[in-house]
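Each chain, letter by letter, is given below.
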Amino acid sequence: MQYQHILDQIHEEIAPTLPQGRIADYIPQLACVDERKFGMAICDVDGGFAWVGDADERFSIQSISKVFTLTQAMRTADAQLWRRVGREPSGTAFNSLVQLEFENGIPRNPFINAGALVVTDIVLSHLGDAKAALREFARRLSGADDIDYDLRVADSEARLGYRNAALAYFLKSFGNLENHPDQVLDAYFHHCALSMSCAELARSFMYLARHGLNSDGEVISSSQAKAINSLMLTSGTYDAVGAFAYSVGLPAKSGVGGGIVAVMPGMFSLCVWAPGLDGRGNSMAGSRALERFAELSGQSIF
Ligand code: GLN
């Protein structure tokens, strides 16, 4: 299928409505991004590629990195992982502490911050240098060997990340971190601070559209790819996941940098970026763009 004209149409519709929503301002480095930015890129399983707008500009991928970290943990410690992290939607904010107390320190899923901290801990225990490992993994998946961490973003996350620090120490108090919370936080903050473009993210997520394979071979098994897509569908957009499934109908993962990656298994991987967020931390124009994409292309997993 030809996607270029669909992306062009979405861009034409959405560009005049920008900026939409509120840019993330919990750290100064995210607040200084131009809120009128908008980009989209799609890769399909036949090698097709289409893009529009600022699809080549790198942005802070934030929680989209949680998919990469989860993939790495599943490659190395799949069984152990699911004893320490759940697979249910949380229904609470991505950085919420409340459920942890009632559920004995087992985070509801790997895509809320608490879950991602446990996943990061597992990667640290198994791969040692979790920062280098994730950067290498993103470079390999995207084919762009200059992908890197934005150290100013990582540094301000570390200086101002009181909520994440609370989560990590709370998890440690339940015995659900093996490493020191500060070590886990350092890796987690760097993972969030990875800078990638829509084009690079769309390429990187192709293994989830291709049942675990990318052009170099197997990244994960097809049943693991199915599992990650299912988790994105049920937990990838936080406490907006029901509305998102209703209007878009694709597994997706968002980040507070304004990026959202969506996957149609067997067909394509699609990334949109627009920095303004809705109240749940998902890109507002990005969510609308994906909804229009589903309408115009007729593609959804349902
Ligand atoms: N760095 C952000 C945090 O830890 C990531 C959250 C997100 O993108 N939703 O709070």
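Within an unreviewed UniProt entry, the label attached to the protein reads Glutaminase, and the organism entered is Oleiagrimonas citrea. Under the heading Sequence similarities (unreviewed entry), UniProt records this for the protein: "Belongs to the glutaminase family." Heading Catalytic activity (unreviewed entry) of the UniProt record for the protein holds this comment: "L-glutamine + H2O = L-glutamate + NH4(+)".

Focus: helix 12 (residues 222-235)
In an α-helix, one turn spans 3.6 residues; hence positions three or four apart end up facing the same way. Look at helix 12: 20 Å from first C-alpha to last across 14 residues, which is about the 20 Å you get at 1.5 Å a residue. Those residues of helix 12 that fall on the buried side of the exposure criterion are Gln224, Ala225, Ile228, Asn229, Leu231, Met232 and Ser235. Taken down its axis, helix 12 places every buried residue within 160 degrees of arc, on the same side. Those residues of helix 12 hidden inside the fold are in contact with helix 3 (65-84), helix 11 (206-209), helix 13 (241-247), strand 8 (252-254) and strand 9 (259-264).

Description of the environment of glutamate 295
With respect to the helices, strands and loops of the structure, glutamate 295 is situated in helix 14 (residues 284-297). Taking the relative accessible area as the measure of exposure, glutamate 295 reaches 45% and is therefore partly exposed.

Description of helix 3
Given a rise of 1.5 Å per residue, 20 residues ought to cover 28 Å, yet the end C-alpha atoms of helix 3 are separated by just 19 Å, more than 12% below that figure. Its maximal kink placed at alanine 77, helix 3 deviates by approximately 115 degrees. With 15 of its 20 residues buried, helix 3 lies for the most part within the structure.

Digging into the site of the ligand
Every residue near the ligand is listed here: Tyr26, Gln62, Ser63, Phe94, Asn113, Glu157, Asn164, Tyr188, Cys192, Tyr238, Gly255 and Val256. Tyrosine 26 is positioned with one of its side-chain polar atoms (N or O) 3.0 Å from a nitrogen atom of the ligand. Between a nitrogen atom of the ligand and a side-chain N or O atom of glutamate 157, the distance comes to 3.0 Å. Notes on the ligand: free accessible area 300 Å², of which the protein chains cover 97%. Most atoms of the ligand, that is more than half of them, are within 2 Å of grid points of the largest pocket. Residues that form the shell around the ligand fall into these classes: six nonpolar, five polar and one charged.

Conventions and cut-offs
- Residues numbered from 1 in each chain as written.
- Predicted model: local features only at pLDDT ≥ 70, side-chain atom pairs only at ≥ 80, totals over all residues.
- Heavy atoms only, no water.
- UniProt positions renumbered as here; feature names shortened; annotations may be inferred.
- Helix = DSSP H or I, 4+ residues; strand = E, 2+ residues; numbered from the N terminus.
- Expected span 1.5 Å × (residues − 1).
- Buried < 20%, exposed > 50% of the residue type's maximum accessible area, 1.4 Å probe, protein only.
- Arc of directions from axis to C-beta.
- Contact = heavy atoms within 4.5 Å.
- Bend = angle between axes of the 7 residues up to and from the residue.
- Near = heavy atom within 4 Å.
- Polar contact = N/O pair within 3.5 Å; in protein donor to acceptor, adjacent residues only side chain to side chain.
- Areas by Shrake-Rupley, 256 points an atom, 1.4 Å probe, with all protein chains shown as cover.
- 1 Å grid on protein atoms, 1.4 Å probe; cavity = no way out; pocket = protein on both sides within 12 Å on 5 of 7 lines; lining within 4 Å.
- Sits in = over half its atoms within 2 Å of the grid points.
- Nonpolar A, V, L, I, M, F, W, Y, C, P; charged D, E, K, R; others polar.

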